[in-house]
Amino acid sequence: MPSHEQEMRELLCELAGSLFARGFSVGSAGNISVRLTDGYLMTPTNSSLGRLDPGRLSKLDPAFQHVAGDKPSKEVFMHRAFYQARDDASAVVHLHSTQATAVSCLPDVDQSNPIPPLTPYFVMRVGRRMPIIPYYRPGDATMEPAINAAARNARAVLLANHGPVVSGQTLTDAVHAAEELEEAAKLFLLLRGHSPRLLTMPQVDDLLTTFG
Ligand code: 13P
């Protein structure tokens, strides 16, 4: 096995374990994938992010067919939607983290971009917009076109009444973005009913120009 793949297997399990230990994921919720030179690594279905075995991760070929390891997440198509929509996506993290999922349950927020630019790190890691995708049952492959269309203009989406899906240029970037998203959702909920000062459009542009 190439040393890069071994490194990715270990990093994925380490980062997933850290997310689980800090409550970003409970039970067997959530799934993570990372792009390799010859395909993808993905968390197995029904596995706990807190107890992954690097040697048992699912391996998919470039066409997303299962070629080795345990049976992959039932959300393979959700990950595929991001990789196919975004050339810059090298990893995808899906969580049921509480506050982002809470925002995904709110019918009275802007479904095209519910969380405004409250802090620089939310803008830097998640970007300018993050839409809510209408509800589909977990594992329902018919949601793929909706995610693919949204991901063309967004690094992350919220699945209504389900949770966030976040992409990144590296596995570490995707995990950091998922963490920033959860914090931004917490601030957004804390500030509901208040009139917070938001970052201005020039401030958002400046962040994206400076930090990408
Ligand atoms: P899997 O165990 O199949 O990855 O599904 C978990 C999940 O989070 C569904 O949304």
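Residues numbered from 1 in each chain as written. Predicted model: local features only at pLDDT ≥ 70, side-chain atom pairs only at ≥ 80, totals over all residues. Heavy atoms only, no water.

Asker: Explain the layout of surface pockets to me, please; I cannot follow it from the model alone.
Answerer: Over the atoms rolls a probe the size of a water molecule, and its path tells where empty space is left. Of the voids in this model, the largest pocket is the one considered here, and its volume is about 250 Å³. As for the largest pocket, its lining consists of 13 residues, of which Met124, Arg125, Arg155, Gln169 and Asp173 are closest to the centre. Elements represented by at least two residues in the lining of the largest pocket include exactly α4 (120–126), β8 (163–168) and α6 (171–190). What the second largest pocket holds in volume is close to 160 Å³. Considering the residues around the second largest pocket, the lining is formed by 15 residues, among which Ser28, Ala29, Gly30, Asn31 and Lys74 are closest to the centre. (1 Å grid on protein atoms, 1.4 Å probe; cavity = no way out; pocket = protein on both sides within 12 Å on 5 of 7 lines; lining within 4 Å. Points joined across faces, edges and corners; volume = space filled by probe spheres on them. Helix = DSSP H or I, 4+ residues; strand = E, 2+ residues; numbered from the N terminus.)

Asker: Looking at this structure, how should I read the pattern of salt bridges?
Answerer: Two side chains of opposite charge can pair, provided their charged atoms sit close to one another. Evaluated as defined, the whole model comprises 10 salt bridges. Salt-bridge contacts for arginine 22 lead to glutamate 179; the nearest nitrogen and oxygen are separated by 2.7 Å. Of this pair, arginine 22 sits in the loop between α1 (3–21) and β1 (31–36) while glutamate 179 sits in helix α6, placing them 157 residues apart in sequence. Residue classification places arginine 22 among the partly exposed positions, given a relative accessible area of 43%. Close ionic contact of aspartate 38 with lysine 59 constitutes a salt bridge, the shortest N to O distance being 3.1 Å. Placement of aspartate 38 in the loop between β1 and β2 (39–42) and of lysine 59 in strand β3 (residues 58–60) is noted, with a sequence separation of 21 residues between them. Judged by its relative accessible area of 38%, aspartate 38 falls in the partly exposed class. Within the structure, one salt-bridge network assembled from shared partners comprises Glu5, Arg9, Asp38 and Lys59. (Salt bridge = Lys/Arg side-chain N within 4 Å of Asp/Glu carboxyl O. Buried < 20%, exposed > 50% of the residue type's maximum accessible area, 1.4 Å probe, protein only.)

Asker: What exactly am I supposed to notice about unusual backbone geometry here?
Answerer: Leaving glycine aside, a negative phi is the common case for residues, and trans is the common case for peptide bonds. Unusually for a residue other than glycine, phenylalanine 64 sits at a positive phi of about 70°. For phenylalanine 64, the location among the structural elements is in the loop between β3 and β4 (66–68). Taking relative accessible area as the criterion, phenylalanine 64 reaches 8% and is therefore assigned buried. Backbone geometry at asparagine 161 places phi at a positive 55°, although glycine is not the residue there. You can see asparagine 161 is positioned in the loop between β7 (156–159) and β8.

Asker: Please clarify how the packing of helix α2 (residues 76–85) against helix α5 (residues 144–151) should be interpreted in this entry.
Answerer: In a pair of packed helices, the angle between the axes and the distance between the axes together describe the arrangement. Their axes nearest at 8 Å, the elements α2 and α5 cross at an angle of 35°. For the pair α2 and α5, the sense of crossing is right-handed. The segment α2 lies against α5, with Phe77, Met78, Arg80, Ala81, Phe82, Gln84 and Ala85 engaging Glu144, Ile147, Asn148 and Ala151. (Axes fitted to C-alpha atoms, helices over the stretch in contact; angles between N-to-C directions. Left-handed = near helix turned anticlockwise from the far one by under 90°. Contact = heavy atoms within 4.5 Å.)

Asker: Honestly, the packing of aromatic side chains in this entry has me stumped. Any pointers?
Answerer: Two aromatic rings, taken as a pair, are described by how far apart their centres are and by the angle between their planes. Evaluation of the coordinates by the stated rule reveals 3 aromatic pairs. Between tyrosine 40 and tyrosine 83 the ring centres are 4.6 Å apart and the planes differ by 45°, which places this aromatic pair in the tilted class. One end of the pair, tyrosine 40, is in strand β2; the other, tyrosine 83, is in helix α2, with 43 residues separating them in the sequence. Of the aromatic side chains, those joined through ring pairs into one cluster are Tyr40, Phe64 and Tyr83. (Phe/Tyr/Trp six-rings, centres within 6.5 Å; stacked < 30°, edge-to-face > 60°.)

Asker: How do you make sense of the pairing of strand β5 (residues 91–94) when you look at a structure like this?
Answerer: Every regular strand shows the same layout, with side chains that alternate between the two sheet faces. Of the two faces of β5, the one carrying Ala91 and Val93 and the one carrying Val92 and His94 are both buried. Of the strand pairs in this sheet, β1 and β5 are connected by 4 bridges, and their pairing is antiparallel. Bridging across to β5, asparagine 31 finds its partner in histidine 94. (Pairing = 2+ DSSP bridges.)

Asker: Hey, could you run me through empty space enclosed by the protein in this one?
Answerer: In total, this model carries 1 cavity of 30 Å³ or more according to the counting rule given. Within this model, the largest cavity holds a volume of roughly 40 Å³. Grouping the constituent residues of the lining of the largest cavity by class yields 7 nonpolar, 1 polar and no charged. (Nonpolar A, V, L, I, M, F, W, Y, C, P; charged D, E, K, R; others polar.)

Asker: For this particular structure, what's the right way to read the site of the ligand?
Answerer: Close contacts around the ligand come from Ser28, Ala29, Gly30, Asn31, Thr45, Asn46, Ser73, Lys74, Glu75, His94, His96 and His162, and that covers them all. The contact in question runs from an oxygen atom of the ligand to an N or O atom on the backbone of glycine 30, over 2.8 Å. Taking lysine 74, its main chain carries an N or O atom lying 2.9 Å from an oxygen atom of the ligand. Across the complex, the protein chains shield 96% of the 300 Å² of accessible surface that the ligand would expose by itself. (Near = heavy atom within 4 Å. Polar contact = N/O pair within 3.5 Å; in protein donor to acceptor, adjacent residues only side chain to side chain. Areas by Shrake-Rupley, 256 points an atom, 1.4 Å probe, with all protein chains shown as cover.)

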